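Letter by letter, the chains look like this.
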Amino acid sequence: MRIAILSEDASLYSTKRLIEAGKERGHEMYVVNYLSCYMNIVTQKPSVVYQGQLLENFDAIIPRIGASRTFYGTAVVRQFEIMGVFSANESQSIARSRDKLRCLQILAREGVRLPVTGFAHATTDVDGLIEIVGGAPLVIKLLEGTQGIGVVLAETHQAAKSVIEAFRKLNANILVQEFIEEAGGADTRCFVIANKVVASMKRQSVDGEFRSNLHRGGKSEKIKLTPEERDIAVRSARAMGLRIAGVDIISSNRGPVVIEVNSSPGLEGIEKATEIDVAGKIIEFLAQHTTFDKKRGRIQY
Ligand code: ADP
Ligand code: MG
């Protein structure tokens, strides 16, 4: 197969591992910086041009779209989809997962257990918004944050009010969430490929930090999921329409709750913690899928 990885940086661990895993399995692997692509949107022959060349005859793409590049990145993925190229994750699903509010609304509809969450546009009734989630302490999140940046713990009602008002004044979209203190700064990352959890790790924050993100210094180790966690992870990925997803779960007194679903989950943390060849599993999934496609002559999942 000819597989393109849409990534801004060929030297990233995840990109390098996917290239390596693809080559090991005999595929032709390319890294395409989607920000340097341009597109021709015509009825008969849509195309993508990169470094002066038409990107043709690809069997599959693996989008690794940066959090701040969702708009252009998903447009490039969509263009490949129109050209009939199979994408590891669909553009629609990537866009859906990037907005934390939209993601939580979709999961709520599916009956997935979530932290109590509030969202408002105006700041006229901040007290009411704070009450919805049970008062302070509470967590305030920018809708499009990632790597723990834009996630704030407000310990008192007054602090919560100030932070909400400050964010709203800057016109930043935020959500307000009950603080699950009993999670103890830990969460569980479940790596899902095609409705199966292929690897999972526990991340634990350090030094009194409540955010377990590895980018915030969190430590990771492999963990065995309970059947309930496994089921929640698979249901969440499916609800978002993601074939490949990193589903993050934290333990609350009510049981496991989902805090987010990532559409470009990083490979470094999970592969190092679990010693599982996750990159290889992604490539194998694509290979199985596209053979299936070719037989049927249409994309089916
Ligand atoms: P990001 O997209 O920046 O990773 P998350 O919503 O995943 O944002 O939050 C970052 C981290 O903060 C989580 O991994 C988790 O450890 C912690 N966290 C997030 N929400 C809550 C919450 N409601 N209660 C307790 N801890 C939380
Ligand atoms: Mg997260």
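The text that follows walks through the structure, step by step, so that each part is easy to find. The model shown is predicted, which means the values in this text are computed figures rather than measured ones.

On inspection of all chains with the given rule, the structure shows 20 salt bridges. In this structure, Arg 25 engages Asp 277 in a salt bridge whose closest nitrogen and oxygen atoms are separated by 3.0 Å. Residue Arg 25 is located in the loop between α1 (13-24) and β2 (28-32), and its partner Asp 277 is located in the loop between α8 (268-274) and α9 (278-296); the two are separated by 252 residues in the primary sequence. For Lys 45, the salt bridge identified is with Glu 56, shortest N-O distance 3.2 Å. Here Glu 56 lies in the loop between β5 (53-54) and β6 (60-63) and Lys 45 lies in the loop between β3 (37-40) and β4 (47-50), a separation of eleven residues in the sequence. When salt bridges with common partners are traced through the structure, they connect Arg 17, Glu 20, Glu 24, Arg 25, Glu 271, Asp 277 and Glu 284 into a single cluster.

Looking now at the sheet that holds strand β7 (residues 86-87). Within a sheet, each strand pairs with its neighbour through backbone hydrogen bonds, oriented either parallel or antiparallel. Spatial strand order, β2-β1-β6-β7: four strands in an open sheet with parallel pairing. The open sheet has two edge strands with one neighbour each: β2 and β7. Bridge analysis of strand β1 (residues 2-6) against β6 gives four bridges, and the strand direction is parallel. Following the sheet pairing, Ile 5 is matched in β6 by Ile 62. Running at roughly 160° to β2, α1 makes contact with β1, β2 and β6 of the sheet.

Here four strands make up an open sheet; going across it, the order is β8-β11-β9-β10 and the pairing antiparallel. Every other strand in the sheet has two partners, leaving β8 (117-119) and β10 (151-154) as the edge strands with one partner each. Pairwise comparison of adjacent strand axes, ignoring direction, gives a mean angle of 25° for this sheet. In this structure, β8 lies alongside strand β11 (residues 174-178), joined through three bridges in antiparallel fashion. Across the sheet, Thr 117 pairs through a bridge with Gln 177, a residue of β11.

Before going further, it helps to spend a moment on the pairing of strand β9 (residues 138-142). Of all five residues in β9, four are buried, a share of seventy percent or more. Sheet analysis places β9 next to β10, joined by four bridges and oriented antiparallel. Across the sheet, residue Lys 141 finds its bridge partner in β10, namely Val 151. Looking at chain direction, β9 and β11 are connected through five bridges and run antiparallel. Within β11, the residue paired with Lys 141 across the bridge is Leu 175.

Definitions and cut-offs
Residues numbered from 1 in each chain as written. Chains lettered and ligands numbered in written order. Predicted model: local features only at pLDDT ≥ 70, side-chain atom pairs only at ≥ 80, totals over all residues. Heavy atoms only, no water. Salt bridge = Lys/Arg side-chain N within 4 Å of Asp/Glu carboxyl O. Helix = DSSP H or I, 4+ residues; strand = E, 2+ residues; numbered from the N terminus. Pairing = 2+ DSSP bridges. Contact = heavy atoms within 4.5 Å. Axes fitted to C-alpha atoms, helices over the stretch in contact; angles between N-to-C directions. Buried < 20%, exposed > 50% of the residue type's maximum accessible area, 1.4 Å probe, protein only.

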